[in-house]
Amino acid sequence: MITVKGLQKKFKNFYALKNVDMHVKKGEIYGFIGPNGSGKTSTMNILAGLSRPAQGECTVNGLDVTKLTHPGDLKIGYLPEDPKFYPWMTAHETLDYLSGGRNTGHTGEILRWTGLLDARNRRVGGFSRGMKQRLGIGAALIRNPELLILDEPSSALDPEGRSEVLRLIKDLKGMGKTILFSTHILDDVERVCDTVGMIDAGQMMFEKPLRQLQKENTQPIFDIIPAHSVESNILNALERLTGVVSLTKSEGSLTVKVADNTVSVSVMRFLTDHEIVIESFSLRKTRLEDLFLHGVNTK
Ligand SMILES: Nc1ncnc2c1ncn2[C@@H]1O[C@H](COP(=O)(O)OP(=O)(O)OP(=O)(O)O)[C@@H](O)[C@H]1O
């Protein structure tokens, strides 16, 4: 759906984008992450046909965006970082206006889907941030595009508003749409994305399926919470088990560092043999948050 190669963007003498490669596949949710000022909006504006790159190849929906005569030719849905609406229009009037007065059935559907049906006759000027954002997503969908580019759709919202927006993004995927969205909230990426691309200072740091990223960064550490306290001689025996590298005990939980994931079998067997009731047994995953901080700080 989107292929970007060697993308550069220059503002006077400053390169906001130095070398960006991206591949967004049909039907996926792609999370575009990066710290403030890293180049997410600059990239997305180019992809939406709103700005021209200094250099690089950029194909969106089969069209070369560097040769567009009008952004509307792209047939995508675009939600800017801070969507603006006429405050005196109602939600219904806004969507009707954006659809060019066509497709009124679709407008009703969008109002229902975005949870704005009851508020359809209220002026948008009085809408909360979350309502405006949902209206913005609805507006991006008004012409039924296959690809949606959403710039920070959830970042300025409270947890409930974020959950609602993430639900809409998942729904869009269910409708067969392709979604590229930017965010700096890594939890949101972990909740909905298929692929993650990370940009820092105008350069892509990585682009990988979320599952692969999580797998590659899984640490062989088990966090075990026993239901009752475990005697120290049993803990010592557990620490001596083949494959166990170290064991640390803290406030009712055990941190067991192992050589690799397969050691889970003998650790579980040990716990069963010693009739240790456990409340939780989990393999620790490196959170995207850690990767992000690591990637940014070790550059
Ligand atoms: N019109 C402009 N003129 C000059 N510099 C700009 C312009 N637009 C963006 N920049 C600069 O380009 C860099 C990338 O900005 P961009 O808005 O793309 O980042 P971002 O990742 O979207 O940041 P944020 O998360 O804060 O929105 C920043 O250093 C920014 O100051």
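Reading the values: rules and limits
- Residue indices begin from 1 for each chain and proceed along its sequence in written order.
- pLDDT decides what is reported in this predicted model: residues at 70 or higher carry local features, side-chain atom pairs at 80 or more are listed and counted, and totals for whole chains, interfaces and linings draw on all residues regardless.
- For side-chain calculations, the full set of non-hydrogen atoms in the structure is used, while hydrogens and water are omitted.
- UniProt positions are given in the numbering used here, feature names are shortened, and annotations may be inferred rather than shown by experiment.
- Near is defined per residue: the residue qualifies when any heavy atom it owns lies within 4 Å of the molecule or strand.
- Two N or O atoms form a polar contact when they lie within 3.5 Å of each other; inside protein one atom must be a possible hydrogen donor and the other a possible acceptor, and for residues adjacent in sequence the pair counts only when both atoms belong to side chains.
- Values of accessible area rely on a 1.4 Å probe in the Shrake-Rupley scheme; residue burial ignores everything except the protein chains shown.
- Labels follow the DSSP assignment, with helices taken as runs of H or I lasting at least four residues and strands as runs of E lasting at least two, numbered in each case from the N terminus.
- Between the first and last residue of a helix there are one fewer steps than residues, each counted as 1.5 Å, and that sum is the expected span.
- Only protein chains enter the calculation, and the probe is 1.4 Å; a residue is then buried if its accessible area is under 20% of its type maximum, exposed if over 50%, and partly exposed in between.
- Throughout, nonpolar core names a set of buried Ala, Val, Leu, Ile, Met, Phe, Trp, Tyr and Cys residues whose side chains join them through atoms within 4.5 Å.
- In what follows, residue pairs with any heavy atoms lying within 4.5 Å of each other are defined as contacts.

The protein chain appears in an unreviewed UniProt entry as ABC transporter ATP-binding protein from Sedimentibacter hydroxybenzoicus DSM 7310. Comment text from UniProt for the protein chain, heading Sequence similarities (unreviewed entry), reads "Belongs to the ABC transporter superfamily."

J.: Would you mind going over the site of the ligand in detail, with residue names and values included?
T.: Of all residues adjacent to the ligand, which total 13 residues, the nearest are Gly-37, Gly-39, Lys-40, Thr-41 and Ser-42. Within the contact set of the ligand, an oxygen atom lies 3.1 Å away from a backbone nitrogen or oxygen of Ser-38. Relative to its unbound accessible surface of 630 Å², the ligand loses 61% to contact with the protein. Mapped onto the shell around the ligand, the elements with two or more residues apiece are strand E2 (14-24) and helix H1 (40-47).

J.: Tell me about helix H4 (residues 129-140), and name the residues and values.
T.: With 12 residues, H4 should reach 16 Å at 1.5 Å per residue; the first-to-last C-alpha distance of 16 Å fits that figure. All buried positions along H4 are accounted for by Gly-130, Met-131, Gln-133, Arg-134, Leu-135, Gly-136, Ile-137, Gly-138, Ala-139 and Ala-140.

J.: Quick rundown of the nonpolar core? Include the residues and the values.
T.: Formed by 39 residues in total, the largest nonpolar core has its most connected members in Phe-127, Leu-135, Ile-169 and Phe-181. Setting aside its immediate chain neighbours within four residues, Leu-135 contacts Phe-85, Ala-91, Thr-94, Leu-95, Leu-116, Val-124 and Phe-127. By size, the runner-up hydrophobic cluster in this structure holds 24 residues, among which are Ile-2, Met-22, Val-24 and Val-60.

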